[in-house]
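# Coordinate inspection notes
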Amino acid sequence: MELYLDTADVTAVKRLSRILPLQGVTTNPSIVAKAGKPLWEVLPALRDALGGNGKLFAQVMAPDAEQMVAEALLLTQRVSGLVVKIPVTSEGLAAIKKLKGMNIPTLGTAVYGAGQGLLSALAGAEYVAPYVNRLDAQGGDGIAMVKELQTLLNLHAPQSKVLAASFRTPRQAMDCLLAGCQSITLPVDVAEQLLDTPAVQAAVEKFDADWRQAFGTTSIS
């Protein structure tokens, strides 16, 4: 599987890339805007934070296919190894088709339905990003949608991967992996929730206390 962080927080990426087996970082316009720095500063800084390796994802802003393709070309020319995020609208699908013919990798984003996601895969998107928690917030069932999407891709577009996104809890991420998703992207706070389990710390402290009581030290030397 592929694990990504969904953030433009360079400090957090440096800290968590030391711990987690990250394949890269995903961003979107809202995430970059929150960082408060130009995209052309953020992307190289994120790559440096990953140790110079890993995939980066950045999204176009244009509303029509022709401009989306132009922005995708600009992104990939200025940042090597970039995957371009394209919203799965009618114009977005047209852009994905054209970019596929140009061998530019894309991710179909803002996916709220399994059929919508399948169309982006059939158009040529390498990744499809269903919005799990955002769909839940609208009264839908994000996990059920991801299961349907994963099944559809397995049957009809096995060359594409679900890159599940928009999580509020680690449980949502785990359910997507159990549904067969090959990749997920986690907000920093959700990644930290996965790492911060009080019961684990309590167990480690108990080991230390028992060892110290028996041997007067916490070292094995």
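Residues numbered from 1 in each chain as written. Predicted model: local features only at pLDDT ≥ 70, side-chain atom pairs only at ≥ 80, totals over all residues. Heavy atoms only, no water.

## Quick notes on the overall build of the chain
What counts here: Here a strand is any run of E in DSSP of at least two residues, a helix any run of H or I of at least four, and the numbering for each starts at the N terminus. Whether a residue is buried, partly exposed or exposed follows from its accessible area with a 1.4 Å probe, protein chains only, as a fraction of its type maximum: under 20%, in between, or over 50%, in that order. The contact definition used throughout considers only heavy atoms, calling two residues in contact when any of these lie within 4.5 Å.
Along the backbone of the chain there are eleven helices and eight strands. Projected onto its principal axes, the C-alpha positions of the chain cover 70 × 40 × 30 Å. In the chain, which comprises 221 residues, the proportion classed as buried is 45%. Sequence separation of 24 or more characterises 55% of the internal contacts of the chain that already satisfy a separation of 6 or more.

## With respect to the pattern of salt bridges
A pair can form between side chains of opposite charge whenever their charged atoms are brought close. Inclusion rule: Within this document, salt bridges are pairs made up of a side-chain nitrogen of Lys or Arg and a carboxyl oxygen of Asp or Glu, the two lying within 4 Å of each other.
A full pass over the atoms with the stated rule returns five salt bridges. Here R171 ties to D175 by a salt bridge, and the two come within 2.9 Å at their closest N and O atoms. Separated by four residues within a single helix, R171 and D175 lie in helix 9 (residues 170–178), roughly one turn from each other. For D175, a relative accessible area of 22% gives the class partly exposed.

## Points about the packing of helix 1 (residues 10–17) against helix 10 (residues 188–195)
Put simply, the test is: The axes are straight lines fitted to the C-alpha atoms, using for helices just the contacting stretch, and the angles between their N-to-C directions are given from 0 to 180°. By the definition adopted for this analysis, an angle is roughly parallel if under 35 degrees, roughly antiparallel if over 145, roughly perpendicular if from 65 to 115, and oblique otherwise. In a left-handed crossing the near helix is turned counterclockwise from the far helix by less than a right angle, and in a right-handed crossing that turn is clockwise.
The N-to-C vectors of helix 1 and helix 10 enclose an angle of 25°; their axes lie 11 Å apart at closest approach. Taken as axis vectors, helix 1 and helix 10 run roughly parallel relative to one another. Helix-helix and strand crossings are classified by hand; for helix 1 and helix 10 the assignment is left-handed. Judged by residue contacts, A12, R15 and L16 of helix 1 engage V188, A191, E192 and L195 from helix 10.

## Focus on the nonpolar core
Threshold: Here, the term nonpolar core denotes a set of buried Ala, Val, Leu, Ile, Met, Phe, Trp, Tyr and Cys residues that are joined through side-chain atoms within 4.5 Å.
Ranked by internal contacts, the top residues of the largest apolar core, which has 58 residues, are F167 and C176. With five residues, the top contributor of residues to this core is helix 4 (residues 65–78). Those residues in contact with F167, other than ones at most four positions away along the chain, are V132, N133, Q172, A173, C176, I184, T185, L186, P187 and V190.

## A short note on the sheet that holds strand 8 (residues 183–186)
What counts here: DSSP-based pairing: two strands are paired if at least 2 bridges between them are found.
In spatial order, the strands read 1-2-3-4-5-6-7-8; together these eight strands close into a barrel with parallel pairing. Neighbour-to-neighbour, the strand axes of this sheet turn through a mean angle of 25°, independent of strand direction. Relative to strand 7 (residues 161–164), strand 6 (residues 127–130) is paired through two bridges, and the arrangement is parallel. Along strand 7, the bridge assignment pairs Y127 with K161.

## Considering the pairing of strand 5 (residues 106–111)
Put simply, the rule reads: Handedness rule for crossovers: strands pointing away from the viewer, path from the first strand over the helix to the second running clockwise, crossover right-handed.
For strand 5, a buried count of five out of six residues is recorded, marking the element as mostly surrounded by other parts of the structure. Chirality of the crossover, the property in question, places the unit of strand 4 (residues 82–87), helix 5 (residues 90–101) and strand 5 among those that are right-handed. Here three bridges tie strand 5 to strand 6, and the two strands are oriented parallel to one another. From the neighbouring strand, L107 faces strand 6, where its bridge partner is Y127.

## Quick notes on the side chain of Q59
By secondary structure assignment, the location of Q59 is in strand 3 (residues 55–59). In this view, Q59 contacts N28, P29, L75, K85, P87 and T109; residues no more than four positions away in its chain are not counted.

## Some thoughts on the packing of helix 4 against helix 5
Orientation of helix 4 relative to helix 5, taken along the N-to-C sense of each, is 45°, at an axis distance of 8 Å. Taken together, the axes of helix 4 and helix 5 lie oblique to each other. For helix 4 against helix 5, the interelement crossing comes out right-handed. Contact residues: A65, M68, V69 and A72 in helix 4; E91, G92, A94, A95, K98 and L99 in helix 5.

## Section: helix 4
Condition: Under the convention used throughout, the expected extent of a helix is 1.5 Å for every residue step, that is, one less than its residue count. Polar contact criterion, stated in full: a pair of N or O atoms within 3.5 Å, where within protein one must be able to donate a hydrogen and the other to accept it, and residues adjacent in sequence count only if both atoms are side-chain atoms.
When the terminal C-alpha atoms of helix 4 are compared, their 20 Å separation across 14 residues agrees well with the 20 Å that a helix rising 1.5 Å per residue should span. Turning to helix 4, the residues buried within the fold contact helix 3 (39–49), strand 3, strand 4 and helix 5. In this structure D64 caps helix 4, since a side-chain oxygen of it lies 3.2 Å from the backbone nitrogen of E66.

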